[in-house]
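Residues per chain are reported as follows:
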Amino acid sequence: MFGGNRERLALLLNGVLIGILLMTADGGVAAAATTGPGVTSTQITLGMNSPVTGTGENAFVTPAQLNAFWHGKKVFGRTVHVNVQNDQFSSSVATQVCTQEAPNSLFMIGDEGSNSIGACAALTAHLGIPYFSRGLTPQFAQYKTYYAITPDYVNETTNVVNW
């Protein structure tokens, strides 16, 4: 759905970030002044696993494109840094990447590959950290902190057929 429209993905992630900041804690907007995992008084850090090399190389969005989108922009006075790590289109490497990145990120983003996304979705659910990706399969709904930003393939196909 987003394959050729990287700016649309970046805008969507911008909305997701603002939504999470607004929903954080009981204070709503006031919570934006707090700090926590991936949030300091000056910076917001997001983690992302992506196949920068390997079978899924260049499949969705590159680290340079994502960080170029955020360059110079601030959310609640904080700069945004997206730490993209190469999961090599491998679930075992994705697990290692997410183990390192998730505790230091406001939330994680999965880019490509059902196996890699599934591995990180399971890990982040265990850690209680939000994880966003395209809706690849309805099976990921079992993870309490997994959020699909598009319909899963089954529902997307049904929508296209019905159209």
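Residues numbered from 1 in each chain as written. Predicted model: local features only at pLDDT ≥ 70, side-chain atom pairs only at ≥ 80, totals over all residues. Heavy atoms only, no water.

## Quick word on the packing of aromatic side chains
Each pair of aromatic rings is reported with the distance of its centres and the angle of its planes.
Okay, step 1: A complete count under the given rule lists five aromatic pairs for this structure.
Okay, step 2: Their ring planes at 65° and their centres at 4.9 Å tell us that F107 and F132 sit as a pair that is edge-to-face. With F107 in the loop between α3 (91-101) and β4 (108-110) and F132 in strand β5 (residues 131-133), this pair connects stretches of sequence that are 25 residues apart.
Okay, step 3: Since its relative accessible area comes to 8%, F132 is described here as buried.
Okay, step 4: Look at F140 and Y143: their rings are 6.5 Å apart centre to centre, the planes differ by 35°, and that puts the pair in the tilted class.
Okay, step 5: Residue classification places F140 among the buried residues on the basis of a relative accessible area of 6%. (Phe/Tyr/Trp six-rings, centres within 6.5 Å; stacked < 30°, edge-to-face > 60°. Helix = DSSP H or I, 4+ residues; strand = E, 2+ residues; numbered from the N terminus. Buried < 20%, exposed > 50% of the residue type's maximum accessible area, 1.4 Å probe, protein only.)

## Description of helix α4 (residues 114-127)
Okay, step 1: The first and last C-alpha atoms of α4 sit 20 Å apart over 14 residues, in line with the 20 Å expected at 1.5 Å per residue.
Okay, step 2: Considered for burial, the residues of α4 that qualify are S116, I117, G118, A119, C120, A121, L123, T124 and A125.
Okay, step 3: The inward-facing, buried residues of α4 contact β1 (43-50), α3, β4, β5 and β6 (146-148).
Okay, step 4: Directly after α4, the chain includes G128, whose backbone phi takes a positive value near 80°. (Expected span 1.5 Å × (residues − 1). Contact = heavy atoms within 4.5 Å.)

## Considering the state of the cysteines
Such a bond, covalent and formed between the sulfur atoms of two cysteines, is termed a disulfide.
Okay, step 1: As enumerated under the stated definition, the model contains one disulfide in all.
Okay, step 2: Between the sulfur atoms of C98 and its disulfide mate C120 the distance is 1.9 Å. When the S-S torsion is 95°, as for the bridge of C98 with C120, the disulfide is right-handed. Here C98 is found in helix α3, whereas its partner C120 is found in helix α4, with 22 residues between them in sequence. For the pair C98 and C120, a shared accessibility class is recorded, and that class is buried. (Disulfide = S-S within 2.5 Å.)

## Some words on the confidence of the model for the protein
Okay, step 1: Looking at the protein as a whole, the pLDDT averages 74, with 62% of positions reaching at least 70.
Okay, step 2: Taken element by element, the predicted model of the protein shows its lowest mean pLDDT in helix α5 (residues 153-162) (59) and its highest in α3 (92).
Okay, step 3: Throughout residues 25-31 the model reports pLDDT below 50, and contacts reaching past four residues in sequence, or to other chains, amount to seven contacts. (pLDDT = per-residue confidence, 0-100.)

## Some points on the sheet that holds strand β3 (residues 78-86)
Okay, step 1: Ordered by their spatial adjacency, six strands build an open sheet running β2-β3-β1-β4-β5-β6, and the pairing between neighbours is mixed. The strands lining the two open edges of the sheet, one partner per strand, are β2 (74-75) and β6.
Okay, step 2: The pairing of β1 with β4 spans three bridges and is parallel. By the bridge assignment for β4, M48 is matched with I109.
Okay, step 3: Across the sheet, α3 is in contact with β1, β3 and β4; its angle to β3 comes to roughly 155°.
Okay, step 4: With respect to the sheet, α4 is in contact with β1, β4, β5 and β6, its orientation differing from that of β5 by roughly 160°. (Pairing = 2+ DSSP bridges. Axes fitted to C-alpha atoms, helices over the stretch in contact; angles between N-to-C directions.)

## Topic: the pairing of β1
Okay, step 1: The element β1 is extensively covered by neighbouring structure, given that seven of its eight residues are classed as buried.
Okay, step 2: As paired elements, β1 and β3 share eight bridges and run parallel to each other. From the neighbouring strand, M48 faces β3, where its bridge partner is V84.

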